[in-house]
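Understanding the architecture of this molecule
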Amino acid sequence: MLVTGAMALTWIADEITDYGLGQGSSIIITMSICGGYFDALSALIPKLVANFSLGAVLPFFGFFGVLLLGTVMLEQGTAKVPLEYFQGPTGSGGLPKSFKKDEGGGDHIPFKINPTNMQPVIFAMFLISALQWLPFGFSWVNGQSFGYHFLLFMLVFCGTYIDLQNTPQDISEYIMKIGARVPGVRPGTQTIEYFRRVQAGARFFGGILLATIATVCSLCDLWIAKLIGQPFGLTSMLIVVSTVISIKRQIQAMSQMPKLDQVLKTL
């Protein structure tokens, strides 16, 4: 039954992805998370209404606002590397002469600060939950201990910072194929090393930001659990916001398809 259910969920997730509605597995997880929010809201709202005051309500709205801004920054933040394009060989020396395609700084290579999206958070949450079920040696991994939050921070940071693919090498080969280069950096090994440093810096910042937000959300969940008797699931809200932004991006891309079809028909 477990294998059959997993295969059914996998098929449904693939169908959602194929229809262009976003990442199917993320949407299924998001819907499951949103279903659990009704119970938390039914316990939280009466207490806020009974003890309504600006001092009690503003921290909630302020935290949610900062959470949304941080998640949007994680989804949209990039480190941009400008590009120059080769015009062709010069008349005298035969060496290629480069020029900027857009003097306004339009052409660049973007390195996302969080290319893995919320996958490190999902991985860390499932791994820590699995450790809590083990009968030996991991009694310190509980939601109220320092070890839990430290392990959560390190797992999320490492999951964001580590690059399992040779992305700088691939990007260097790609820009050479399109006849471009990084200003002031020699093509080849120096370009690869330059891209590696830029990517490491972007991923480091993104990893610190994501790990900090996830850890702060976990700490705030402890506070809310003491207030209403159950956690609200703020760490899971990162996944929800990320999924919503991804779906919005997919819808925007789909809305451009009719315009693209009209352009192709005129060619």
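Starting afresh in each chain, residues are numbered from 1 along the sequence in its written order. Reporting of local features is limited, given that this is a predicted model, to residues whose pLDDT is at least 70; pairs of side-chain atoms are given and counted only at 80 or more, and all residues count toward the totals for whole chains, interfaces and linings. Only hydrogens and water are set aside; all other atoms, that is, all heavy atoms of the structure, feed into the side-chain values.

What follows concerns the overall build of the protein chain. We count a stretch as a helix when DSSP gives it H or I for four or more residues in a row; a strand needs E for two or more, and each element gets its number in order from the N terminus. Tallying secondary structure elements over the protein chain gives eight helices and five strands in all. The N-to-C order of helical and strand elements in the protein chain reads α-α-α-β-β-β-β-α-α-α-β-α-α. Accessibility here uses a 1.4 Å probe with only protein chains present; expressed as a share of the type maximum, an area under 20% marks a residue as buried, one over 50% as exposed, and anything in between as partly exposed. Counting only residues that meet the buried cut, the protein chain has 33% of its 267 residues in that class. Any pair of residues with heavy atoms lying within 4.5 Å of one another is described as a contacting pair. Contacts in the protein chain between residues far apart in sequence, at least 24 positions, make up 71% of those at least 6 positions apart. Shrake-Rupley sampling with a 1.4 Å probe provides the accessible areas, and residues are treated as covered by the protein chains on show and by no other component. Accessible area for the protein chain stands at about 16,600 Å²; split by element, carbon and sulfur atoms hold 68% of it.

The definition of a nonpolar core used throughout is a set of buried Ala, Val, Leu, Ile, Met, Phe, Trp, Tyr and Cys residues joined through side-chain atoms within 4.5 Å. By size, the foremost hydrophobic cluster in this structure holds 32 residues, and its most contacted members are Leu67, Met118, Val156 and Ile213. Listing elements by their share of this core, those giving two or more residues are α2 (24-50), α3 (54-76), α4 (119-133), α5 (146-161), α7 (189-228) and α8 (234-266). Excluding residues that lie within four positions of it along the chain, valine 156 makes contacts with Pro120, Val121, Ala124, Leu210, Ala211 and Ala214. Counting 14 residues, the second largest nonpolar core, distinct from the first, contains Ile109, Phe111, Ile171 and Val185.

Now for α5. Compared with an ideal rise of 1.5 Å per residue, which puts 16 residues at 22 Å, α5 spans 22 Å between its outermost C-alpha atoms and is within 8% of the ideal. The set of residues buried in α5 consists of Gly147, Tyr148, His149, Leu151, Leu152, Leu155, Val156, Phe157 and Thr160. Given the number of residues in a helix, its expected span is that number minus one, multiplied by 1.5 Å.

Our next topic: a nonpolar patch on the surface. Side chains of Leu9, Trp11 and Ile12 sit close together on the surface and give an oily, nonpolar patch of about 320 Å² of accessible area. Mapped onto the elements, tryptophan 11 comes out in helix α1 (residues 2-18). The class of tryptophan 11 is exposed, set by a relative accessible area of 55%. Patch definition: residues with relative accessible area over 30% and no salt bridge; like charges joined within 9 Å; nonpolar side chains (Val, Leu, Ile, Met, Phe, Trp, Tyr) joined within 5 Å. Here, a salt bridge means any side-chain nitrogen of Lys or Arg that lies within 4 Å of a carboxyl oxygen of Asp or Glu.

So, about α1. Along its 17 residues, α1 runs 24 Å from first to last C-alpha, staying within 8% of the 24 Å computed at 1.5 Å per residue. The positive-phi residue at the C-terminal boundary of α1 is glycine 20, with phi of around 75 degrees.

Our focus in this paragraph is the packing of aromatic side chains. Side-chain rings of Phe, Tyr and Trp, where Trp is taken by its six-membered ring, are said to pair if the distance between their centres is within 6.5 Å; with planes under 30 degrees apart they count as stacked, over 60 as edge-to-face, and otherwise as tilted. Scanning the entire structure with this criterion turns up five aromatic pairs. Taken together, the ring pairs in this structure connect Phe111, Tyr194 and Phe195 into an aromatic cluster.

Overall, the predicted model of the protein chain reaches an average pLDDT of 76, with 79% of residues at or above 70. Confidence of the predictor at the level of single residues is captured by pLDDT, which takes values from 0 to 100. The secondary structure element of the protein chain with the lowest average pLDDT is strand β3 (residues 96-99), at 52, and the one with the highest is α1, at 88. In the predicted structure, residues 101-105 sits below a pLDDT of 50 and forms two contacts with residues beyond four places in sequence or in another chain.

A few words on the pairing of strand β4 (residues 108-112). Where burial is concerned, the two faces of β4 differ: the one with Ile109 and Phe111 is buried and the one with His108, Pro110 and Lys112 is not. Across five bridges, strand β1 (residues 78-82) lies against β4 in antiparallel orientation. Following the sheet pairing, proline 82 is matched in β4 by histidine 108. DSSP calls a pair of strands paired once it identifies at least 2 bridges connecting them.

This part is about the pattern of salt bridges. Should their charged atoms come close, side chains of opposite charge can pair. Applying the stated criterion to the full structure yields one salt bridge. In this structure, glutamate 193 and arginine 196 form a salt bridge, with 3.2 Å as the shortest nitrogen-oxygen distance. With glutamate 193 and arginine 196 both in helix α7 and three residues apart, this pair spans about one turn of that helix.

Moving on, we come to the packing of α4 against α5. The angle between two axes is taken between their N-to-C directions and runs from 0 to 180 degrees, where each axis is a line fitted to C-alpha atoms and a helix contributes only its stretch in contact. Here α4 crosses α5 at 140 degrees, and the two axes come no closer than 9 Å. In terms of axis orientation, α4 runs oblique to α5. Pair α4 / α5 crosses with right-handed handedness. Between α4 and α5, the residues in contact are Pro120, Val121, Phe123, Ala124, Leu127, Ile128, Leu131 and Gln132 and Tyr148, Leu151, Leu152, Leu155, Val156, Gly159 and Thr160, respectively. Its residues placed into classes, the contact of α4 with α5 shows 12 nonpolar, three polar and no charged. Any angle from 65 to 115 degrees is called roughly perpendicular, while one under 35 is roughly parallel, one over 145 is roughly antiparallel, and all others are oblique. Left-handed describes a crossing whose near helix is turned anticlockwise from the far helix by less than a right angle; the clockwise case is right-handed. Each residue is assigned to one of three groups, with Ala, Val, Leu, Ile, Met, Phe, Trp, Tyr, Cys and Pro labelled nonpolar, Asp, Glu, Lys and Arg labelled charged, and all others, Gly among them, labelled polar.

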